[in-house]
Each structure stands twice: as structure tokens, then as C-alpha cells.
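Listed below are the residues making up each chain.
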Amino acid sequence: MTKSAVDYQQNADSIFNQLQYIWTEFEKNDPLVWGSEIWRKANTMDSVLRYWEQPLTSNEQKQKAVGLLTDGWQFYLSKKTAGWWVDDFGWVAMFAMNMFDLLSGPNAPALPFNAEEMLSEAQYCHERMLDNLDQQSGGIYNIHDSHKERRRNTITNSLFWTLSTRLGKTNSKYAEYADKWYAWLLSGTWNGNAPQNWGFLNDLNIARETALGAAEPSLHNKEWFWSGDQGCVLAALMYYGMFRRAEQPTLNKIALNLVNGCLLAGAPFFDQQSILHESDFPDNFNNDFADYPNDYATGKGVLLRHFVGFAPSVAGVDITILKTRFCATADAVWNTREKYDQVVRDWNPSAGPQGEKGPTDGLMLWPQVLQTGGLDATIAALKILRETKSDKA
């Protein structure tokens with residue numbers, strides 16, 4: 001069935017309404033959900049902000065979204081000195097910077113948030129991340145007090161690079177870090193496979209979870225990758241390209257290879273029906289790593305949110321393929337939903353990796369995590385149709 005932007009907006013409204021119910025009635029006060037880490041909440045807030053921004057979102061729905069965002073921000077302020085994972089501060093900072101940009105624009109909306117507070121908190125998050133800098137060879141370690149793992153993974157460093165770039169537009173101190181990160185990332189080769197090279201991208205131009213050149217021991221497969229990294233790396237490339245125009249040709253080439261690698265039908269993320277799945281690495285589903293499966297269940301939404309925001313601006317990207325992938329995925333999200341419009345993890349059970357089929361022994365996937373990914377997927381279809389002036393998918 002052919003769908004229009006209005007159809008996707010209606011689906012987004014229904015998915016958001018269930019997300020709001022989960023947030024306020026089911027998970028808000030559950031310490032297992034909100035008391036351990038803040039990044040999933042910040043990720044949901046960024047998704048909800050994108051929903052709020054859509055021109056077809058009604059004033060009534062916008063008010064609901066503002067209530068959720070206000071609640072989430074107050075939660076962060078009450079917990080910000082806790083010992084989060086380092087990348088958690090990057091996720092909070094992305095929401096803060098997105099809200100800052102919105103409130104600082106020429107047509108700033110009347111929202112119960114303060115632009116200067118948002119900027120100040122983003123700077124605070126930058127400081128918290130910088131505490132974990134490798135002073136000798138570069139990169140930010142992702143560390144948590146209660147875990148022994150210690151590695152300079154891609155998500156932490158792409159978020160830090162983006163944050164430094166965005167703060168650097170008005171402050172040379174942060175611009176210096178953005179430039180250092182660009183030099184660090186290019187200190188080897190983006191596709192390097194030798195030990196001395198960072199090797200952020202594999203032979204398919206997919207961003208690895210941790211670069212090959214990171215010397216610290218890892219519990220994980222060195223070739224492991226997941227969907228969320230792809231979106232955040234693309235954002236980092238594009239933000240820096242807008243900041244340092246002279247570097248755009250190099251950055252656009254990397255970004256185009258990354259986008260095309262991700263959009264391949266059949267592998268590694270989109271199936272032959274153009275529906276998005278998580279990559280089939282066991283670490284994306286393995287319950288041996290505490291609540292990590294809940295982390296990686298967010299990845300598809302993160303990819304779609306950033307791809308719809310940045311991929312159309314990459315020179316050489318096929319917009320028709322983007323539209324096909326986004327709309328097919330949004331349709332699959334809606335067609336596989338459960339009672340009360342609850343989104344599931346596997347959006348095309350006939351084609352996805354085995355680990356995505358459903359909970360493994362002892363694995364709990366939080367409804368809020370899944371609902372956020374479904375909202376991102378639906379907004380991606382809505383946004384690509386509206387911004388390409390396509391009446392229907």
C-alpha cells in the first residue's frame with residue numbers, strides 16, 4: 001500500500017503515544033531502567049525532539065513531547081555527577097546541543113528550556129569526557145567505575161568529535177580538539193588493517209565498534225560492528241565538513257563510502273526487502289554482557305535518525321535508495337507492532353539474524369528502547385518524503 005507523509009505522521013503519533021505511556025506509567029520510576037545509565041534516556045529525548053520538530057506534529061502532541069523532554073532533563077540534572085559510562089555524556093551533550101541550536105535560531109520556539117543552560121551542560125559533558133583522554137596516542141576511553149572494560153570505542157570518540165566541532169564554532173578551545181580528532185582519526189588509514197593503523201572502517205566501509213589500532217585488550221570480536229555507530233560517525237564527518245570547508249572533499253568521500261556500505265541490500269544491515277536489521281555479530285545480542293542487548297537494540301533508530309538528517313547532503317548519495325530503505329523499514333515497524341502499538345525488535349522476522357528474533361535466555365528488552373527505535377524509523381520515512389517533496393513513498 002502506498003503511503004504519504006500524512007500516513008507516516010499518523011503512525012508516528014501512535015508510536016509516540018505508547019512511548020509516552022511507557023515513560024510515565026511503566027518505566028519512569030524503575031531503577032533498573034533509569035537508575036543505571038542515562039544514555040538511553042538521552043537517546044529517547046533526542047528522538048522525541050525530532051518528533052516535536054516535524055511540521056505535521058499537532059500542537060497537542062507537541063505539548064506531550066515537551067512534558068517528556070522536561071521530565072528527562074530534570075532527571076539528568078539530578079544525576080549528572082554520577083559515575084556514568086563516558087559515552088553517556090556524549091549522548092546527553094547531543095541532545096543539549098540540538099536543543100541549544102533550536103533555542104538560538106532566528107525563529108526560536110517558546111519552550112521551558114534555557115539556551116545558555118543547554119550550552120553550559122554540553123560544555124560540562126565535554127569536560128567529563130576529556131577526563132578520559134589518552135594523552136600519548138589520542139582518543140577517549142569509554143570507562144565505567146564498576147566495569148573492567150577500557151577501550152577507545154568508536155561511539156565515544158565520534159560523539160566527542162561531534163561535540164568538539166559543534167562547540168568549536170564559537171570557542172577556539174573546542175575547535176582545537178575537533179582538529180586534533182580529525183588528525184587522530186586520519187593518523188592511520190580509515191580502512192587500515194595493519195596493527196599500526198586505526199582502521200575505523202572495514203572492507204565494506206562499515207565503522208567498527210572499536211578501531212583495529214586501539215591497543216587495549218577487548219572482550220569482543222575485533223571485527224564487530226553495529227548499526228548505531230554508523231549514524232554517529234556519519235554525523236561527525238558531516239559536522240566537521242561544515243566546520244572546516246577545505247576538508248569537505250576528503251570527508252565527503254569517506255561519508256559516501258560509509259553510507260553506500262550501509263545501504264547495500266542483503267548485507268550488512270538492510271535485507272533484500274529494504275528493511276533494516278542489526279548486524280549479526282553475537283555481541284549485539286549476547287546477554288553475557290549484562291544489559292548490553294538493550295543498548296544495541298537502540299542502534300537501528302540511531303542509524304536512521306542520523307542518516308535521514310545527514311545522508312541526503314552527502315554528494316553522490318542516491319536519494320531514491322534512501323527513500324526506498326526508509327519507507328520500507330517504517331512500513332515494517334508498523335506492520336510488526338504488537339498490542340497498543342508496541343514496537344518489537346525484529347522488523348522483518350523472515351529475514352533478520354537469529355539473534356534479533358526475540359529474547360534469548362534471560363534477556364530483557366525494555367519497551368521504551370524498542371519504541372524509540374520505531375519512532376526514529378517512522379520519522380525517517382516522514383522526513384525523507386517531506387524534504388524531497390515526494391507526495392508518496
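This report concerns the structure included in the present document.

Scoring rules and cut-offs
Residues numbered from 1 in each chain as written. Predicted model: local features only at pLDDT ≥ 70, side-chain atom pairs only at ≥ 80, totals over all residues. Heavy atoms only, no water. Salt bridge = Lys/Arg side-chain N within 4 Å of Asp/Glu carboxyl O. Helix = DSSP H or I, 4+ residues; strand = E, 2+ residues; numbered from the N terminus. Buried < 20%, exposed > 50% of the residue type's maximum accessible area, 1.4 Å probe, protein only. Phe/Tyr/Trp six-rings, centres within 6.5 Å; stacked < 30°, edge-to-face > 60°. Lys NZ or Arg CZ within 6 Å of the ring centre and 35° of its normal.

1. Some thoughts on the pattern of salt bridges
According to the stated counting rule, one finds 16 salt bridges in the structure shown. For Glu53, the salt bridge identified is with Arg50, shortest N-O distance 3.1 Å. Pair noted here: Glu53 and Arg50 are both in helix 3 (residues 39-53), with a separation of three residues, about one helical turn. What makes Glu53 partly exposed here is its relative accessible area of 29%. With a relative accessible area of 23%, Arg50 lands in the partly exposed category. When the shortest N-O distance is used, the salt bridge between Arg152 and Asp134 registers 3.3 Å. Here Arg152, found in the loop between helix 6 (115-130) and helix 7 (154-168), pairs with Asp134, found in the loop between helix 6 and helix 7; they are 18 residues apart in sequence, far enough to count as distant. With respect to burial, Arg152 and Asp134 carry one shared label: buried.

2. Things to note about the packing of aromatic side chains
This model, assessed by the stated rule, comprises 16 aromatic pairs. When the centroid spacing of 4.8 Å and the interplanar angle of 40 degrees are considered together, the rings of Tyr182 and Tyr240 count as tilted. Taken together, the positions of Tyr182 in helix 8 (residues 172-185) and Tyr240 in helix 9 (residues 227-243) put the pair 58 residues apart, joining distant regions of the chain. Like Tyr240, Tyr182 is buried. Look at Trp224 and Tyr296: their rings are 5.3 Å apart centre to centre, the planes differ by 70 degrees, and that puts the pair in the edge-to-face class. Pair noted here: Trp224 is in the loop between helix 8 and helix 9 and Tyr296 is in helix 11 (residues 292-296), with a separation of 72 residues, a long-range link. For Trp224, a relative accessible area of 1% corresponds to the buried category. Ring pairing ties together the aromatic residues Trp161, Tyr182, Tyr240 and Phe243, which thus form one cluster. Sitting over the face of the ring of Trp52, Lys62 holds its NZ or CZ atom 4.3 Å from the ring centroid. The ring of Trp347 carries the charged tip of Lys300 above its face, separated from the ring centre by 3.9 Å.

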